[in-house]
Amino acid sequence: MNSDSPSGPSSDRAVTRSRRLTSALILALLASWLLMLAPLPYSLLSGLTGLLALVLLVLLIVRAVRERRVGMAAFGALLGVPAMLLIIGSAVLSAAFYGPVAELEQCRSTAITEQARAECDTAAQGSMADWVSGLFGG
């Protein structure tokens, strides 16, 4: 593109901003995914990076609508937003049920056999039911 044209420098800045926004979104998505796979205290941070990714995604969707790239906007809105909401929801549920989930992770980390892992899951279900009933005074 010729930088002497009136639309040259502003167009170049818009493309650069769009690339930076897309790069930041990709990094936030990657961080969210990796943090979701981490052990419990760190996996809660996936909610924060997911929230950051959701904000960046909404900015990119708005930019795509302004530039009349309807396919890109629809793709981001129909697939990206629900995916980010699932990541954020997973982190919120992990925080809400922190005690039972931490017990389950601890039990699974020490379980050697598949039978021991199944016992961990059974114990976790009972622990979760007791925890929820205690929460509501039952």
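Provided above is the structure to which this section pertains.
Everything quoted here is computed from the prediction, not taken from an experiment.

**Re the layout of surface pockets**
Left-over empty space is what a probe sized like a water molecule reveals as it rolls over the atoms.
So, step 1. Of the voids in this model, the largest pocket is the one considered here, and its volume is about 260 Å³.
So, step 2. L25, L57, F75, G76 and G80 are the residues nearest the centre of the largest pocket, which is lined by 14 residues in total.
So, step 3. For the lining of the largest pocket, the elements supplying multiple residues, two or more each, are α1 (8–37), α3 (45–66) and α4 (70–96).
So, step 4. Considering every element that reaches the lining of the largest pocket, the biggest residue donor is α4, with eight residues.
So, step 5. Across the lining of the largest pocket, the residue classes tally to 11 nonpolar, three polar and no charged.

**Notes on the nonpolar core**
So, step 1. Within the largest apolar cluster, 14 residues are counted, with the highest numbers of intra-cluster contacts made by L25, A53, L56, L57 and M84.
So, step 2. Contributing elements (two or more residues each) for this core: α1, α3 and α4.
So, step 3. Other than its neighbours up to four places away in sequence, L57 contacts L25, G76, G80, V81 and M84.

**Observations concerning the environment of L60**
So, step 1. The residue L60 is located in helix α3 in this model.
So, step 2. Taking the relative accessible area as the measure of exposure, L60 reaches 7% and is therefore buried.
So, step 3. As a C-alpha pair, L60 and G76 span 16 residues in sequence and 8.2 Å in three-dimensional space.
So, step 4. Excluding its chain neighbours within four sequence positions, the residues that come into contact with L60 are S18, L21, T22 and L25.

Definitions and cut-offs
- Residues numbered from 1 in each chain as written.
- Predicted model: local features only at pLDDT ≥ 70, side-chain atom pairs only at ≥ 80, totals over all residues.
- Heavy atoms only, no water.
- 1 Å grid on protein atoms, 1.4 Å probe; cavity = no way out; pocket = protein on both sides within 12 Å on 5 of 7 lines; lining within 4 Å.
- Points joined across faces, edges and corners; volume = space filled by probe spheres on them.
- Helix = DSSP H or I, 4+ residues; strand = E, 2+ residues; numbered from the N terminus.
- Nonpolar A, V, L, I, M, F, W, Y, C, P; charged D, E, K, R; others polar.
- Core = buried A, V, L, I, M, F, W, Y, C linked by side-chain atoms within 4.5 Å.
- Buried < 20%, exposed > 50% of the residue type's maximum accessible area, 1.4 Å probe, protein only.
- Contact = heavy atoms within 4.5 Å.

So far we have only geometry, and geometry alone does not tell us how the molecule works.
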